[in-house]
Amino acid sequence: RLAYVVTLDTHLPLPSSAKNMSSDAAAMCERERLSESACELVAQLGRLMNDLRDEVSSQENTPFVAVVGDHAPPFLTEESRSAFDSREVPYFLLEPR
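Residues numbered from 1 in each chain as written. Predicted model: local features only at pLDDT ≥ 70, side-chain atom pairs only at ≥ 80, totals over all residues. Heavy atoms only, no water.

Draft legend 1. Representation of the state of the cysteines within the structure. One pass over the structure, following the stated rule, counts 1 disulfide. Here Cys-29 engages in a disulfide with Cys-39; their sulfurs sit 1.9 Å apart. With the S-S dihedral at roughly 95 degrees, the linkage between Cys-29 and Cys-39 falls on the right-handed side. Of this pair, Cys-29 sits in helix α1 (residues 23–32) while Cys-39 is found in helix α2 (residues 36–57), placing the two residues 10 residues apart along the sequence. Exposure class is identical for Cys-29 and Cys-39. Each is buried. (Disulfide = S-S within 2.5 Å. Helix = DSSP H or I, 4+ residues; strand = E, 2+ residues; numbered from the N terminus. Buried < 20%, exposed > 50% of the residue type's maximum accessible area, 1.4 Å probe, protein only.)

Draft legend 2. Structural context of α2. Compared with an ideal rise of 1.5 Å per residue, which puts 22 residues at 32 Å, α2 spans 31 Å between its outermost C-alpha atoms and is within 8% of the ideal. For α2, every residue scored as buried is listed here: Ala-38, Cys-39, Glu-40, Leu-41, Ala-43, Gln-44, Leu-48, Leu-52 and Val-56. Where the residues of α2 are buried, they touch α1, β2 (64–68), α3 (78–81) and β3 (91–94). (Expected span 1.5 Å × (residues − 1). Contact = heavy atoms within 4.5 Å.)

Draft legend 3. Molecular detail of the environment of Glu-88. In this fold, Glu-88 is placed in the loop between α3 and β3. The spacing of Glu-88 and Ala-72 is 16 residues in sequence and 8.0 Å in space, taken between C-alpha atoms.

As structure tokens, this is what we get:
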């Protein structure tokens, strides 16, 4: 079984909920010297991945899941754009258990 998910909740502009980040995320962003906008996007992606993990792990027969980006975030400032690789888009695969 293949699960196909398209999400628009990590595209710019981010929803206002993206500004509510955990203290762990804020500390990571400070340590990595991420701009506020890049940090908000990373935090939003983290929430999305946690929700996906929770949904998939709650199923008896877990599906094959591919999470693939299609481009680097189109931030207007160089500071935020530089936090992401514009030549390589990350992905990960979850195989059925």
